[in-house]
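Fold and contact review
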Amino acid sequence: MLKFAANLSFLFAEHPFLDRFARAAAAGFRGVEYMFPYAHAKEEIAERLQAHGLEQVLFNLPAGDWEGGERGLGCLPGREAEFRQGVELALEYALTLGCRRLNCLAGLAPAGAVEAADVEAELRATFIANLRWAHAKLAPHGIELLAEPINSRVDMPGFWLDRPAKGLEVLAEAGVGRLQYDLYHAQIMEGDLARFLERHLAAIGHLQIADNPGRHEPGSGEIHYPYLFRRLAELGYDGWIGCEYKPAAGTEAGLGWLAAARGI
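Residues numbered from 1 in each chain as written. Predicted model: local features only at pLDDT ≥ 70, side-chain atom pairs only at ≥ 80, totals over all residues. Heavy atoms only, no water.

Examining the overall build of the protein chain
Scanning the protein chain from terminus to terminus reveals 9 helices and 8 strands. Its C-alpha atoms give the protein chain a radius of gyration of 18 Å, near enough to 18 Å, the size a compact globule of 264 residues would have. For the protein chain, the C-alpha atoms occupy an extent of roughly 50 × 40 × 35 Å along the three principal directions. By the burial criterion, 51% of the 264 residues in the protein chain qualify as buried. (Helix = DSSP H or I, 4+ residues; strand = E, 2+ residues; numbered from the N terminus. Rg over C-alpha atoms; globule rule 2.2 N^0.38 Å. Buried < 20%, exposed > 50% of the residue type's maximum accessible area, 1.4 Å probe, protein only.)

Put into structure tokens, the structure is as follows:
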């Protein structure tokens, strides 16, 4: 049976963050994820998890000045010290929350970086070095490091790690980590979702879902999720699937797709 986790940065956003844990449990979720926990005391979050029988599935490493437009530190030369401090902070939270997966956001490339081969090479080398450092810090605690390709066409223009194929190449070069494969972002950049899952499932540590266009719930757009869910079950995928979508008309009203998916 497939396992679905509520992304509390997107779902139940009608309620204060700490109240979303109860809402997720009431809706039948047994796992939760979100973008960042750092605005709240880790002990407060741990209390909510325990009270509602929820597993903390995933969250991101600190991503720099998010409100100021930054989208990660992983590939940014000169920010290595800040990146490492972020890994240390994320580790503290992960240990308290019992979380076994942390996602590293690569960040936005400087303008013109892709066209300038020397700059692109520096960003790639920085990201690989940071991945290796973070892995060495996290692995002794049983925490897996992930890296997520995010589309640069719609949601994050300039995001450096924007294609799943590039993610596989970089992780292979680094020799550490696995992909966080978001089917919404992947559909926008490359498509061919079923074949990618079939060929690279072992390299995927976590899945996330939303439909395209609009980033709403499964069944609202062009991605044939019933087929993909059946294929994942046939392939034996036993990891979590994070529901990172924007409910079109309220979270509970948009959960009709979930009952059928859980039965696959």
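Okay, back to it.
Observations concerning the nonpolar core
Phe4, Phe21, Phe29, Phe127 and Trp257 are the most contacted members of the largest nonpolar core, which totals 85 residues. Looking at which element gives the most residues to this core, the answer is helix α3 (residues 80-97), with 7 residues. In this structure Trp257 touches Phe4, Ile209, Glu217, Pro218, Phe229, Cys243 and Tyr245, once residues within four positions along its chain are discounted. In terms of nonpolar packing, the next biggest core, distinct from the first, is built from 5 residues, Val57, Leu58, Leu146 and Trp240 among them. (Core = buried A, V, L, I, M, F, W, Y, C linked by side-chain atoms within 4.5 Å. Contact = heavy atoms within 4.5 Å.)

A closer look at the sheet that holds strand β3 (residues 55-60)
Spatially, 8 strands are ordered β1-β2-β3-β4-β5-β6-β7-β8 in a closed barrel, and the strand pairing comes out parallel. Put simply, the sheet's adjacent strands are angled 30° from each other on average, direction ignored. Strand direction decides the pairing type here: strand β7 (residues 204-209) and strand β8 (residues 240-243), joined by 3 bridges, are parallel. Note on β8: the bridge partner recorded for Ile209 is Cys243. (Pairing = 2+ DSSP bridges. Axes fitted to C-alpha atoms, helices over the stretch in contact; angles between N-to-C directions.)

What to know about the packing of aromatic side chains
Following the criterion strictly, the structure yields 16 aromatic pairs and no others. Between Phe4 and Phe229, the ring centres sit 5.3 Å apart and the planes meet at 80°, which makes this aromatic pair edge-to-face. Of the two residues, Phe4 sits in strand β1 (residues 3-7) while Phe229 sits in helix α8 (residues 225-235), which places them 225 residues apart along the sequence. The two residues Phe4 and Phe229 agree in class, both being buried. For Arg71, the ring lying beneath its charged end belongs to Trp66, and the centroid distance is 3.9 Å. Directly above the aromatic system of Phe29 lies the positively charged group of Arg262, at a separation of 5.4 Å from the ring centroid. (Phe/Tyr/Trp six-rings, centres within 6.5 Å; stacked < 30°, edge-to-face > 60°. Lys NZ or Arg CZ within 6 Å of the ring centre and 35° of its normal.)

Regarding helix α7 (residues 193-200)
Inspection of α7 places Leu193, Ala194, Phe196 and Leu197 among the buried residues, and these make up the whole buried set. In an axial view of α7, the angular spread of the buried residues amounts to 165°, which keeps them on one side of the axis. On its buried face, α7 is in contact with α5 (164-174), β6 (178-182), α6 (183-189), β7 and α8. (Arc of directions from axis to C-beta.)

Coordinates in, geometry out; function isn't part of it.
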